[in-house]
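Summary of structural features
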Amino acid sequence: MSHYETFYELHHRETPFILANAWNVKSAQVIEANGYKAIGTSSGAISNSLGYEDGEKMPFSELLYMIQRIKAGTNIPLSVDLERGYTDDLQELTGNIQQLVDIGVAGINLEDAQGEDIYLKKLSAIKNHLVKNNQQLFINARTDGFLLKVNAPLETTIKRAKLYKDAGADGLFVTAVSDPVVIKAIASAVQLPLNVVGTPKLSSIPSLAACGVKRISMAVFLYKASYNQLDKLVKKVSTQQSFDALF
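The sections below set out a description of the structure shown in this document.

Right, let's get into the pairing of strand E5 (residues 138–143). Along E5, 6 of the 6 residues are buried, which leaves the element largely enclosed by surrounding structure. Here E5 shows two buried faces, one formed by Phe138, Asn140 and Arg142 and the other by Ile139, Ala141 and Thr143. Pairing of strand E4 (residues 107–111) with E5, which is carried by 5 bridges, proceeds in the parallel orientation. The residue of E5 that forms the bridge with Leu110 is Ala141. With helix H6 (residues 116–132) bridging E4 and the parallel E5, this β-α-β connection has right-handed handedness. The pairing of E5 with strand E6 (residues 171–174) spans 4 bridges and is classified as parallel.

Spelled out as structure tokens, the structure:
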């Protein structure tokens, strides 16, 4: 199977798969070496590692370079956190998509923080471009109704899920949800495989699986945990006046 086909199939298993999120080649290789079936990137992690704030403050060219290096250094499906697409120009957007397809990316996350009208235009442009060029890319539609605290976030999420599926989305990524009751309600109401992030309030993988989730991401948490450990390590060297902690 192609990487796209493998990645698509992972979303349609009885049990959810765990997606660890990388920020450079080495982190991606560690993820692959530990038996994960696919790699996601985290825009927050990549941006922060390069000295940028999250939220498309990083130039697309720098993101693209990092994706090229990660893809060249790994052998499992790679999904890219594309934020809002790094442009509002639809022609430029499909150009960005084509560059990712050319690298061999299996999927993307695309977020709807600008609202569903703009989002649907972007989603439709991407899907039409892929169909026109006989190409495949798993589109994980990220919806931020809970994160942005919109009115009636559950109802809004379910409504958007149908709109996004009809426009060509392959999966639904709902942010800022940690209530099992809410997650179950979403999973049972939508026709797309549901993706959520493991959080401090809901970190149990079996509990998330019981909610009907099909994909569980680490998002920026893996990056933060890694650098928290690095911070502790360099502090030990300084406070203990010894390199023992390194060995």
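After that view, the rundown keeps rolling.
A word on the packing of helix H4 (residues 60–72) against helix H5 (residues 90–103). In the contact formed by H4 and H5, the axes pass within 10 Å of each other and the chain directions differ by 15°. The angle between H4 and H5 places the two elements in the roughly parallel class. Like other packed secondary-structure pairs, H4 and H5 cross with a definite hand, here right-handed. Contacts from Phe60, Leu64, Ile67, Gln68 and Lys71 of H4 reach H5 at Asn96, Gln99, Leu100 and Ile103. Here the residues of the contact of H4 with H5 are counted per class, giving 5 nonpolar, 3 polar and 1 charged.

On to the packing of aromatic side chains. Tallied over the full model, the rule gives 9 aromatic pairs. With a centroid separation of 6.3 Å and an interplanar angle of 55°, the aromatic rings of Trp23 and Tyr227 are classed as tilted. Pair noted here: Trp23 is in the loop between strand E1 (17–22) and helix H2 (25–33) and Tyr227 is in helix H10 (residues 221–240), with a separation of 204 residues, a long-range link. With a relative accessible area of 7%, Trp23 lands in the buried category. Taking relative accessible area as the criterion, Tyr227 reaches 39% and is therefore assigned partly exposed. Ring plane angle 50° and centroid distance 4.5 Å describe the contact between Tyr119 and Tyr164, whose orientation is recorded as tilted.

Let us now look at H2. Here H2 has its buried residues at Ser27, Ala28 and Ile31. Relative to the axis of H2, the buried residues are bounded by an arc of 100° and lie together on one face. Among the exposed residues of H2, those oriented more than 90 degrees off its buried face are Lys26 and Ala33. Of the residues that open H2, the one with a side-chain oxygen 3.4 Å from the backbone nitrogen of Lys26 is Asn24. Immediately downstream of H2, the backbone of Gly35 shows phi near 90°, a positive value.

What counts as what
- Residues numbered from 1 in each chain as written.
- Predicted model: local features only at pLDDT ≥ 70, side-chain atom pairs only at ≥ 80, totals over all residues.
- Heavy atoms only, no water.
- Buried < 20%, exposed > 50% of the residue type's maximum accessible area, 1.4 Å probe, protein only.
- Helix = DSSP H or I, 4+ residues; strand = E, 2+ residues; numbered from the N terminus.
- Pairing = 2+ DSSP bridges.
- Right-handed = clockwise from strand over helix to strand, strands pointing away.
- Axes fitted to C-alpha atoms, helices over the stretch in contact; angles between N-to-C directions.
- Parallel < 35°, antiparallel > 145°, perpendicular 65-115°, else oblique.
- Left-handed = near helix turned anticlockwise from the far one by under 90°.
- Contact = heavy atoms within 4.5 Å.
- Nonpolar A, V, L, I, M, F, W, Y, C, P; charged D, E, K, R; others polar.
- Phe/Tyr/Trp six-rings, centres within 6.5 Å; stacked < 30°, edge-to-face > 60°.
- Arc of directions from axis to C-beta.
- Polar contact = N/O pair within 3.5 Å; in protein donor to acceptor, adjacent residues only side chain to side chain.

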